[in-house]
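Notes for the structure review
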Amino acid sequence: MAVLNVTTKTKVEKTKELHEDMRSWILRGQYLRGSRLPTEAELANRYELSRSAVRDVVAQLKAEGLVASRQGSGLFVIARPSTALDAPNFVNNFNDLIALFDFRMLIETESAVLAAKKRNESDIERIEDKHHALQDVFRNGGQGTQEDFDFHLQIARTSGNKFLLSSILALQTGVIFSAKLGKKTSDLPRFLQSRQVSQEHAAIIDAIRAADDTQARAAMQHHIEASLSRILHGQP
């Protein structure tokens, strides 16, 4: 009789797998910044680990600055792991900046088109939540560069295309850098910049809510063009 050779993963292997999977979930955008992760009990059951082993993995992710616990609410994503494209010199000259916006025009306009075609009410609510989070930062006098990026990222997630989402995730450092640069170089007072960005985002949301893919593309194109103009010329 043949003997079935069953390989059982060790605790160390399971713990390593959990850590790698959680990093991957965040990196690939399965859980975006601000999203709640599975509970300790759910992870322990899924990976056949003790809750103390899961807590060790969570502690490691916290030390890496990727997740944080909220009392009574659970574990949340607060940052994304860095990649090779996230190097500080990813956008380091004028040509890089133009290339970044050319790529954003290609990717994000189609992201908006797909979002308009595939969105449901829950998707609209999540996009609006990101929009409102950015407005809150604006009202408090902040730049909102991360919240701005989160808005675009949520649209990409709504598109339902993992390749679009991964492409936009890879641009995070460059997009945030260019947004900060625009706020430094613009001739417009910050409150006027904030108002323009909010209006542009609202137009994108309206088009996606209406399932108008043509208008969604146009609204996103206008927003990206205006963003570049604010950087280059100080105004849209």
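Above this text you will find the structure in question.
Described in the following lines is the structure provided in the data block. (Residues numbered from 1 in each chain as written. Predicted model: local features only at pLDDT ≥ 70, side-chain atom pairs only at ≥ 80, totals over all residues. Heavy atoms only, no water.)

Here the focus is the overall build of the chain. Along its length, the chain carries ten helices and two strands. Starting at the N terminus, the α and β elements of the chain follow one another as α-α-α-β-β-α-α-α-α-α-α-α. When each of the 236 residues of the chain is scored for burial, the buried share is 44%. Here the contacts in the chain between residues at least 6 apart in sequence split such that 71% fall between residues at least 24 apart. (Helix = DSSP H or I, 4+ residues; strand = E, 2+ residues; numbered from the N terminus. Buried < 20%, exposed > 50% of the residue type's maximum accessible area, 1.4 Å probe, protein only. Contact = heavy atoms within 4.5 Å.)

The tally for this structure, following the rule as stated, stands at one aromatic pair. Ring centres 5.6 Å apart and planes at 50 degrees place the aromatic pair Trp 25 and Tyr 31 in the tilted group. Here Trp 25 falls in the buried class, since its relative accessible area comes to 7%. The lysine or arginine in question, Arg 70, covers the ring of Phe 76, its NZ or CZ lying 4.0 Å from the ring centre. The ring of Phe 101 carries the charged tip of Arg 104 above its face, separated from the ring centre by 5.3 Å. (Phe/Tyr/Trp six-rings, centres within 6.5 Å; stacked < 30°, edge-to-face > 60°. Lys NZ or Arg CZ within 6 Å of the ring centre and 35° of its normal.)

Moving on to the pattern of salt bridges. For the structure shown, the criterion picks out 13 salt bridges. Salt-bridge contacts for Glu 147 lead to Arg 33; the nearest nitrogen and oxygen are separated by 3.6 Å. Here Glu 147, found in helix H6 (residues 145-159), pairs with Arg 33, found in the loop between helix H1 (11-27) and helix H2 (40-47); they are 114 residues apart in sequence, far enough to count as distant. For Arg 33, a relative accessible area of 26% gives the class partly exposed. Via salt bridges that share partners, Arg 33, Glu 147 and Asp 150 belong to a single interconnected network. (Salt bridge = Lys/Arg side-chain N within 4 Å of Asp/Glu carboxyl O.)

For the largest pocket, the calculated volume is near 250 Å³. Along the walls of the largest pocket sit 15 residues, with Arg 33, Gly 34, Ser 35, Lys 130 and Asp 150 positioned nearest its centre. When residues of the lining of the largest pocket are traced back to their parent elements, those giving at least two are helix H5 (121-139) and H6. For the lining of the largest pocket, the class distribution of residues is four nonpolar, three polar and eight charged. Approximately 210 Å³ is the volume found for the second largest pocket. Around the second largest pocket sit 15 residues that line it, and Glu 40, Val 58, Ser 69, Gly 74 and Leu 75 are the ones nearest its centre. For the lining of the second largest pocket, the elements supplying multiple residues, two or more each, are H2, helix H3 (51-63), strand E1 (67-70) and strand E2 (74-77). For the lining of the second largest pocket, the element with the most residues is H3, which contributes four residues. (1 Å grid on protein atoms, 1.4 Å probe; cavity = no way out; pocket = protein on both sides within 12 Å on 5 of 7 lines; lining within 4 Å. Points joined across faces, edges and corners; volume = space filled by probe spheres on them. Nonpolar A, V, L, I, M, F, W, Y, C, P; charged D, E, K, R; others polar.)

The next point concerns the packing of helix H4 (residues 94-118) against helix H10 (residues 213-233). Contact geometry of H4 with H10 gives a least axis separation of 8 Å together with a crossing angle of 160 degrees. Considering their axes alone, H4 and H10 lie roughly antiparallel with respect to each other. Between H4 and H10 lies a crossing whose hand is right-handed. Of the residues belonging to the contact of H4 with H10, the class tally is 14 nonpolar, three polar and seven charged. (Axes fitted to C-alpha atoms, helices over the stretch in contact; angles between N-to-C directions. Parallel < 35°, antiparallel > 145°, perpendicular 65-115°, else oblique. Left-handed = near helix turned anticlockwise from the far one by under 90°.)

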